[in-house]
Amino acid sequence: MKITGLKSVVVAIPSIKAKTSAIRGATYRLAVIVEVFTDAGLVGIGEAPNPVGVEATKAIIDAAETLIVGEDPTEPEKLKKKLYAYFNLTHLHIHAACWALNGIDTALWDLAGKACGQPLWKLWGGAFRKQVEFYGPVDRASPEEVAVLAAERVAEGYGTLYMKVGFDEEEDLACVRAIREAAGPGPKIRVDANQAWNAGEAIHIIRRMAEYDLELVDQPVLLYNIDDLARVREGVSVPIASHESSWTMYEALSVIKRGAADVIHVDARFDAGMMGARLTAGMAEAAGMPVVMHEFANLGVAQHAAIQLAASTPNFTLAN
């Protein structure tokens, strides 16, 4: 079986109407859908996200067509390395183009599964779980609105609630308190600071939040300073998750070696493809750490690919 062509299409999908005024997200989602065609009549489908604009994403994907035509689509890792070399990602950070090229990587893995007549979780060794848990997002708003959303998410069956922090210390605390009071003692609460604090601020604020029984705090400090991430972890009782500091398998290795986090986020679209994400999860497993799937603004193709990954990887034990 050989690759005969590639097609990319920009799509804009309307978002579901918000249930409450607390949700202030985008009214639509943009992505690039990738199709890889073969002489066997099979078509692989992938999806690339939109971190820097769909025009740039589509241009990178389209430029890769001549590099993969005539190749065997059931060798996605070899083709990924070829694409990374062509786009100079061996010298640049792979984030220069991996988010676009991983749309092709997903399509190639889709073709591998179709050629074998098997879902990817079987190709990757079997399913450790047949259901993949997701957290319930609580969009940032006033404490009163946050409480309403938290109660809604619990009523919908979510066992883990997630909210952004790092805006204002007292407002952050008020919103975390509102979630705990609305949700009750059972559900887990996870907050994400998105690098908002320095190490001293993070330790001070997380200690104040600890009384509300947080599951974890995500990326409290700047992604580049792993020593500060480790300092925060050593200074608080709440588990610390690494996200931006461990975007790729190479960076995740540094975080694990330094003992800078309790949990590692995994996202194949920003790591070295599907295998890069699996390697990141494998390193974390060897270190005795759980991993959490990071995704945002997904459409169905990327969402289902992520579910295959989470199902077939043993240490995806937390809500994603």
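Scroll up to find the structure this text is about.
Here's what I pulled together on the structure shown here. (Residues numbered from 1 in each chain as written. Predicted model: local features only at pLDDT ≥ 70, side-chain atom pairs only at ≥ 80, totals over all residues. Heavy atoms only, no water.)

**Quick look at the overall build of the chain**
Link 1 in the chain: Along the backbone of the chain there are 12 helices and 10 strands.
Link 2 in the chain: Taking 2.2 N^0.38 as the reference for a compact globule, 320 residues should give roughly 20 Å; the C-alpha atoms of the chain span a radius of gyration of 20 Å, in line with that estimate.
Link 3 in the chain: When the backbone C-alpha atoms are referred to their principal axes, the chain occupies close to 60 × 45 × 35 Å.
Link 4 in the chain: Looking at the chain residue by residue over its 320 residues, the buried ones come to 52%.
Link 5 in the chain: Sequence-distant contacts, at least 24 apart, represent 70% of the contacts inside the chain between residues at least 6 apart.
Link 6 in the chain: Carbon and sulfur atoms provide 56% of the accessible area of the chain, an area that totals close to 13900 Å².
Link 7 in the chain: Here the chain contributes 30 positively and 40 negatively charged side chains, and the mean placements of these two sets differ by 4 Å. (Helix = DSSP H or I, 4+ residues; strand = E, 2+ residues; numbered from the N terminus. Rg over C-alpha atoms; globule rule 2.2 N^0.38 Å. Buried < 20%, exposed > 50% of the residue type's maximum accessible area, 1.4 Å probe, protein only. Contact = heavy atoms within 4.5 Å. Areas by Shrake-Rupley, 256 points an atom, 1.4 Å probe, with all protein chains shown as cover. Lys, Arg positive; Asp, Glu negative; His and termini not counted. Charge placed at Lys NZ, Arg CZ, Asp CG, Glu CD.)

**Quick look at the pattern of salt bridges**
Link 1 in the chain: The tally for this structure, following the rule as stated, stands at 16 salt bridges.
Link 2 in the chain: Across the pair aspartate 267 and arginine 269 runs a salt bridge whose closest N-O atoms are separated by 2.9 Å. For the residue pair aspartate 267 and arginine 269, the accessibility class agrees, reading buried in each case.
Link 3 in the chain: Via salt bridges that share partners, Glu169, Glu170 and Arg208 belong to a single interconnected network. (Salt bridge = Lys/Arg side-chain N within 4 Å of Asp/Glu carboxyl O.)

**Remarks on the nonpolar core**
Link 1 in the chain: One finds Trp197, Ile206, Met209 and Val232 to be the most contacted residues of the largest nonpolar core, which totals 61 residues.
Link 2 in the chain: In contact with isoleucine 206, other than residues within four places in its own chain, are Trp197, Val217, Pro220, Val232, Val236, Val238 and Ile240.
Link 3 in the chain: By size, the runner-up hydrophobic cluster in this structure holds 30 residues, among which are Val32, Val34, Cys98 and Leu111. (Core = buried A, V, L, I, M, F, W, Y, C linked by side-chain atoms within 4.5 Å.)

**Structural notes on the packing of aromatic side chains**
Link 1 in the chain: Tallied over the entire structure, the rule returns 3 aromatic pairs.
Link 2 in the chain: Pairing tryptophan 109 with tryptophan 124 gives two aromatic rings, centres 5.5 Å apart and planes at 70 degrees, and the pair type is edge-to-face. Residue tryptophan 109 is located in helix α4 (residues 98–116), and its partner tryptophan 124 is located in the loop between α5 (120–123) and β4 (136–137); the two are separated by 15 residues in the primary sequence.
Link 3 in the chain: Their ring planes at 15 degrees and their centres at 4.4 Å tell us that tyrosine 135 and tyrosine 162 sit as a pair that is stacked. With tyrosine 135 in the loop between α5 and β4 and tyrosine 162 in strand β5 (residues 160–164), this pair connects stretches of sequence that are 27 residues apart. (Phe/Tyr/Trp six-rings, centres within 6.5 Å; stacked < 30°, edge-to-face > 60°.)

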